[in-house]
Every structure is written in C-alpha cells, then in structure tokens.
Amino acid sequence: MDLIYHMMDVLLPFDFISFTFMKNALLAILISAPIFALIGTMIVNKRMAFFSDAMGHSALCGIAVGVVFGFMNLSLSMIVFAVLFSVLLNFVKDRTTYGADTIISVFASIALALGLALLSLGGSFNKYNSYLIGDILSITSEENIFLVACLALVLLMWIFAYNKINADSISRPLARSKGISGKLYDYLFSAVISVVIMLSIRWIGVLLINSLVILPAASARNVSLNTRQYHLLTLIFSVVMGVLGLVISYYVHVPTGPMIVLLLGGTFFVTFIIHTLVKR
Amino acid sequence: MEKKKACGAHCIKISDINVRFGDEVVLKDVNIHLHCGHLVALIGPNGAGKSTLIKSILGEVKHTGKVTFRNLVKGKAEKMKIGYVPQSLNIERDIPVTVYDLFASYISCYPVWLPKRKSLYEKIVRQLSIFSIEDCIDKQIGKLSGGELQRVLLSIAITPMPNLLILDEPVSGIDHNGVMDFYRLVDTIKRENDIAILLVSHDLDLVKEYADKVLLLNHEVICEGTPDEVYDDPRFHEIFDEEK
C-alpha cells in the first residue's frame, strides 16, 4: 500500500493528494468507477434501474444484520446478505404474476424498515447517518481491497458472460434456443449488482448510489451507436466525473457523493441535447 | 452458408406435451412428428396454445412429455440443434446494439464490448449475405426495417444450421411482399439444407402454398394432414369461421 501511496505522491503533485484519506478516496473512485460503468450499461439495457435502487436501500439491512450478529467485518456480512437477498427476490419474482416492480418494492421496503429498526435499537441510529449520504473520506485501504476484488469479479463476468447476459436481455427464448440459460445469468447478474452496491454504500450512501450506476450509462446511451462506444463512453463519464467530483468537493467543501452526481447529471443533459439535435 | 448434407433420415418426435397453468389446461397430449425437409405449419385461433407449445419445445415453459430427435439410419437418438425466430424483440429504437453485436452475442463467446474480432465479423457478414443483408451489419438493430430484422433473426437461427427451425409468426409487422419473400427464403433453406421447420402462422393462404403438413391446434391437436385435408375439415371451418 505504501508503494501505491508513494507513486501517487510522485505522479500527482497536488496538495489535495498529500492526505492519506484523499489518496484512499481517489483510489476508491478509480476502482469503483469502472465497476459502476460496466454494470450500469447492462442495468440500463435490462431496465433494472429500480432493482439497483432497491438494492441500495436494502443495504441498510445488510449492515444491521452484521451489527446484530456481531460480525467483525461488516463488508463480509453485507456480501452474504446481498447474495441471499437478490436470490430470494428473484426466486419469489419468478413464482408470482405480479410485476417485477411490485415484488422489488415489497422486498426493498421490508429490508429498509428492518435495517432502520435494527440499527435504531437503543435509539442510536445517528452513528449510522453516514450510510445515508456516504463519506468517501473515511474509506480505508482494507475497504479498497474489497473494491478491487469486486472489480475483478465484474471483469471476469464481463469477459465470460457478457454475451450471454446480453443475448438473454434481448430475447430469452432466442437465447434459450442457443443453449443459453437466461435465468441462471439473471440470478448471477442480480447477485453481482447487489454485492457491488452494498460494498459501495459506505462511501456513497444509500440515497445516491443508484445515480452513480445509472447516470454514466444513461448519458453514454444518448450518444452511442454500438456496444463498444457505449462501454467506452460510460467508462469515461464514470471515471472523469468521479475524479473531478472528488477534486472539486475538496476545494469547495461540498460532500463528494453529491458533487459527483451533480456532474453526472450535467453530463446526462448535455448528451441528451446532443442526442436530440443529431436526431433532428 | 453452413450446409448440412441432405439425409432424409432424421425424425423429430414431440410426444405427449401437456402444459397446465394452475387449473387451466393449456396444452393436452400434443404429439407432432416432423421429418427433415418438411415444413409443418401450426395454425389455430388466438390463445390456442401455439406460442406455449413452442416455448415448451424450447424448454421455456414447464411441461410434461418429451422431444426426441432420432437418426433413423443409425437407429439412435441424437442431440438436436434448434434454430428459433421469435415474433419480435424486446428492444428500443435507440438501443446501442448493432447487428454485429446482436449476432455475436448469440453465436460467440468473444465479448462484444471488446474491439471487433475480424474472423467473427467476416463470419457474420457471410451468414448475413445469404439473405442479402450484409450491409446491415453495423446498423443499430432498433433502426432496421421489419423485413431486415426478420432476415437477421433468420440468419442467426441458421448459424449453425439447426435440425429443427422454429418460426413463431415471423411475418408480423411486414408488408405483403415482404411476407412472400420471407416464405420463399424459408422454403429455399428447407430444400437446400434438408431441415425440419415448424412454423406458426396466421396467413392461411401462404401456409397452403408452402406447408407440407398442417396442424390445427386448439389446446389439443384438432386435426392434421396436408393443407387441403385440414382446410376441408369441418372442424377447421368451425374454428376459423367463428373467428371471422
């Protein structure tokens, strides 16, 4: 870790980077922006924005479960909760005739309420306030290692399963005729989304997490003509606005999460205008 | 085109398919025999279970019964490859997916988000050129015309050449000339590659012209035979006169 810090000092001779917490924050953004970018492209294509939003809200429950059962490592308890929660949600969704949005709402509401109730036991929710809006400056190097593992997981999935997830999202029966089990990849993708979102809650917060997943991809979609452009632009928007948001927030004393989301919101409207003009 | 030698010695048996949704019987004891080089048309009123039958064959819907593919010369069962052309795709006009991206997603494991692989691109161009739509390869799929999209889907379905090609009302949203062209293409594929085709259609005139066998389905097989035999059956008139 020291070597990475040293390299950052040499490569980035700016005063904001001299603090260790800023180095950790920058690393967190550089690692998680590509994760959000990749999963965001597919979440937008599969129209799963509501699912990822619900996962963000459910993260509180993951934290609460960890706290109640006395887990030393909250990240680990959140991962276990995320996988179980997404699998259970998909399982119930596949067995009812309600719309997916209803089932997602039911699950997310219960998880959020349970999370709030458990964390407030004894009237002490205040110390968990940071989970609502996040605090990137408090991220530790150990948490960054979890993020690296997450990035590796998503990259592996994108290399080995992207085509299959894409095929299933466009037509499940067609995918099936080619021997692709859509349901399996649906479960897998949902579980990965849940893990990524839960692990990022601490520094982005429940309220803003979904914007970081959806906005870069939605902006890129406005101006992309094929899958490669879509991925490249999503990645650029996600990383550039992430880093820019961190730097600006340092100098103007605004929380980092909202700053990044505002920049991404601006990007969306600029690309939307370009899209509208080009279409005419 | 990836050609499969004509054999005339394969038989696909769809046996005793039963599907229930709760208490409702959607399909009851459906049996179909398909021979290679034959086009079997599945006709029936709306809600007769045609799409459900196709989903059962694809393994998308829970059902009892089985689908077997036998090599009659060797006298043993073989693994069957299925090609499928869906009714429509679940896409928006602006979706950033080109024909290359769509095609490659179904036939290759090489990720479509990475730079195009030349050999894969050329293979797709070859397959599209069978239907003279190779120029569409870099077009967004949401911006294809109905006819172009059907040809792209047909091209995906026959890569690699299947033993059974299933076409689910493939002509919706296309003008009459486009429909006729499509039937001609399907007929050519059938003749040149000796594959079995199962076609769901509402166009009774075209079915009469191109089908070798017609199957009238209304939750169960009502009657089957040559187009003339089925069209002369009183039960056919009972169902379709009522629909009109």
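Residues numbered from 1 in each chain as written. Chains lettered and ligands numbered in written order. Predicted model: local features only at pLDDT ≥ 70, side-chain atom pairs only at ≥ 80, totals over all residues. Heavy atoms only, no water.

*Asks:* Is there a simple way to think about the overall build of chain A in this case?
*Replies:* Within chain A one finds 12 helices and zero strands. Scanning chain A from its N terminus toward the C terminus, one meets helices and strands in the order α-α-α-α-α-α-α-α-α-α-α-α. Over its C-alpha atoms chain A spans a radius of gyration of 19 Å, differing by no more than 12% from the 19 Å that the globule rule assigns to 280 residues. Principal-axis analysis of the C-alpha atoms places the extent of chain A at approximately 55 × 55 × 35 Å. For chain A, the proportion of its 280 residues judged to be buried stands at 53%. Residue pairs in contact within chain A that sit at least 24 positions apart in sequence constitute 73% of those at least 6 positions apart. Of the roughly 12300 Å² of accessible surface on chain A, a fraction of 73% belongs to carbon and sulfur atoms. Of note, chain A has its 16 positive side-chain charges centred 16 Å away from the centre of its 11 negative side-chain charges. (Helix = DSSP H or I, 4+ residues; strand = E, 2+ residues; numbered from the N terminus. Rg over C-alpha atoms; globule rule 2.2 N^0.38 Å. Buried < 20%, exposed > 50% of the residue type's maximum accessible area, 1.4 Å probe, protein only. Contact = heavy atoms within 4.5 Å. Areas by Shrake-Rupley, 256 points an atom, 1.4 Å probe, with all protein chains shown as cover. Lys, Arg positive; Asp, Glu negative; His and termini not counted. Charge placed at Lys NZ, Arg CZ, Asp CG, Glu CD.)

*Asks:* Is there a simple way to think about the sheet that holds strand β4 (residues 64-71) of chain B in this case?
*Replies:* Two modes of strand pairing occur in sheets, parallel and antiparallel, and in both the strands are linked by backbone hydrogen bonds. All names here are of chain B. Strand order across the open sheet formed by four strands is β2-β1-β4-β5, with antiparallel pairing between neighbours. Since the sheet does not close on itself, it has two edges, and those belong to β2 (24-35) and β5 (76-77), each with one partner. Pairing geometry for strand β1 (residues 10-21) and β2, over eight bridges, is antiparallel. What sits directly across from V19, in β2, is L27. (Pairing = 2+ DSSP bridges.)

*Asks:* Would you mind showing me how to read the sheet that holds strand β3 (residues 39-43) of chain B here?
*Replies:* All names here are of chain B. A sheet is described by the order of its strands in space; here six strands give the open sequence β6-β7-β8-β3-β9-β10, paired in mixed fashion. Each of the sheet's edge strands pairs with one partner strand only, and the pair in question is β6 (82-85) and β10 (221-225). Ignoring which end each strand starts from, the neighbouring axes of this sheet average 15° apart. Examined bridge by bridge, β3 and strand β9 (residues 213-217) share four bridges and lie parallel to one another. What sits directly across from V40, in β9, is K213. In the packing of helix α1 (residues 50-58) onto the sheet, contacts are made with β3, β6, β7 (164-168), β8 (196-200) and β9, and the angle to β7 comes to roughly 145°. (Axes fitted to C-alpha atoms, helices over the stretch in contact; angles between N-to-C directions.)

*Asks:* In this structure, what is going on with the packing of helix α4 (residues 74-94) of chain A against helix α9 (residues 182-204) of chain A? I would like to understand it.
*Replies:* Helix packing geometry: the angle between the two helix axes and the distance between the axes. Residues and elements named next belong to chain A. Where α4 contacts α9, the axes come no closer than 8 Å and their chain directions differ by 145°. In this structure, α4 meets α9 at a crossing whose hand is right-handed. In this structure, α4 contributes S75, M78, I79, F81, A82, V83, S86, V87, N90, F91, K93 and D94 to the contact, and α9 contributes K183, D186, Y187, S190, A191, S194, V195, M198, L199 and I201. Counted by class, the contact of α4 with α9 contains 13 nonpolar, five polar and four charged residues. (Left-handed = near helix turned anticlockwise from the far one by under 90°. Nonpolar A, V, L, I, M, F, W, Y, C, P; charged D, E, K, R; others polar.)

*Asks:* How should the interface of chain B and chain A be read in this particular structure?
*Replies:* How large an interface is tends to be reported as the accessible area lost when its parts come together. Listed as interface residues are 37 residues of chain B and, on the opposing side, 30 residues of chain A. The largest share of the area that chain B buries against chain A comes from P96, Y106 and W113 of chain B, three residues that together contribute 29% of it. Counting the contacts that link chain B with chain A gives three salt bridges. Our count for the chain B to chain A interface comes out at 19 residue pairs in polar contact (both at pLDDT 80 or more). Put simply, the parts of the chain that give the side of chain B that touches chain A at least two residues each are β6, α2 (99-107) and α4 (146-157) of chain B. Tallying contributions element by element places α2 of chain B first for the side of chain B that touches chain A, with six residues. The residue makeup of the side of chain B that touches chain A, split by class, is 25 nonpolar, seven polar and five charged. (Buried area = accessible area lost by both parts, 1.4 Å probe. Salt bridge = Lys/Arg side-chain N within 4 Å of Asp/Glu carboxyl O. Polar contact = N/O pair within 3.5 Å; in protein donor to acceptor, adjacent residues only side chain to side chain.)

*Asks:* Can you walk me through the nonpolar core in this structure?
*Replies:* In globular proteins that are soluble, nonpolar side chains generally tend to be buried together. Of all hydrophobic cores here, the largest spans 173 residues; its most connected members are W158 and F189 of chain A together with L154 of chain B. The greatest single-element share of this core, amounting to 14 residues, is contributed by helix α2 (residues 20-45) of chain A. Residue contacts for W158 of chain A: discarding those within four places in its chain leaves L38, I39, T41, M42, F189 and H231 of chain A together with P111 and W113 of chain B. (Core = buried A, V, L, I, M, F, W, Y, C linked by side-chain atoms within 4.5 Å.)

*Asks:* Would you take a moment to explain the packing of aromatic side chains for this structure?
*Replies:* Two measures describe an aromatic ring pair: the distance that separates the ring centres and the angle between the ring planes. Residues and elements named next belong to chain A. Enumeration over the complete set of coordinates arrives at 13 aromatic pairs over all chains. When the ring of F81 is compared with that of F85, the centres are 5.3 Å apart and the planes differ by 25°; the resulting orientation is stacked. In this pair, F81 and F85 both sit in helix α4, four residues apart, roughly one turn of the helix. The pair formed by F81 and F85 is uniform in burial state, with each residue classed as buried. Here the aromatic rings of Y250 and Y251 are separated by 5.0 Å at their centres, their planes lie at 85°, and the arrangement is edge-to-face. Given the relative accessible area of 22%, Y250 is considered partly exposed. (Phe/Tyr/Trp six-rings, centres within 6.5 Å; stacked < 30°, edge-to-face > 60°.)

*Asks:* Any chance you could explain the environment of V83 of chain A here in plain terms?
*Replies:* By the secondary structure assignment, V83 of chain A is in helix α4. Assessed through its relative accessible area of 32%, V83 of chain A is described here as partly exposed.

*Asks:* Please explain the pairing of β9 of chain B as it appears in this structure.
*Replies:* In summary, the side chains of a regular strand alternate between the two faces of the sheet. Residues and elements named next belong to chain B. Buried residues dominate β9, accounting for five of its five residues. With burial as the criterion, each face of β9 is covered, one bearing K213, L215 and L217 and the other bearing V214 and L216. Here β9 pairs with β10 via four bridges, running antiparallel. Of the residues in β10, the one forming a bridge with L216 is C223.

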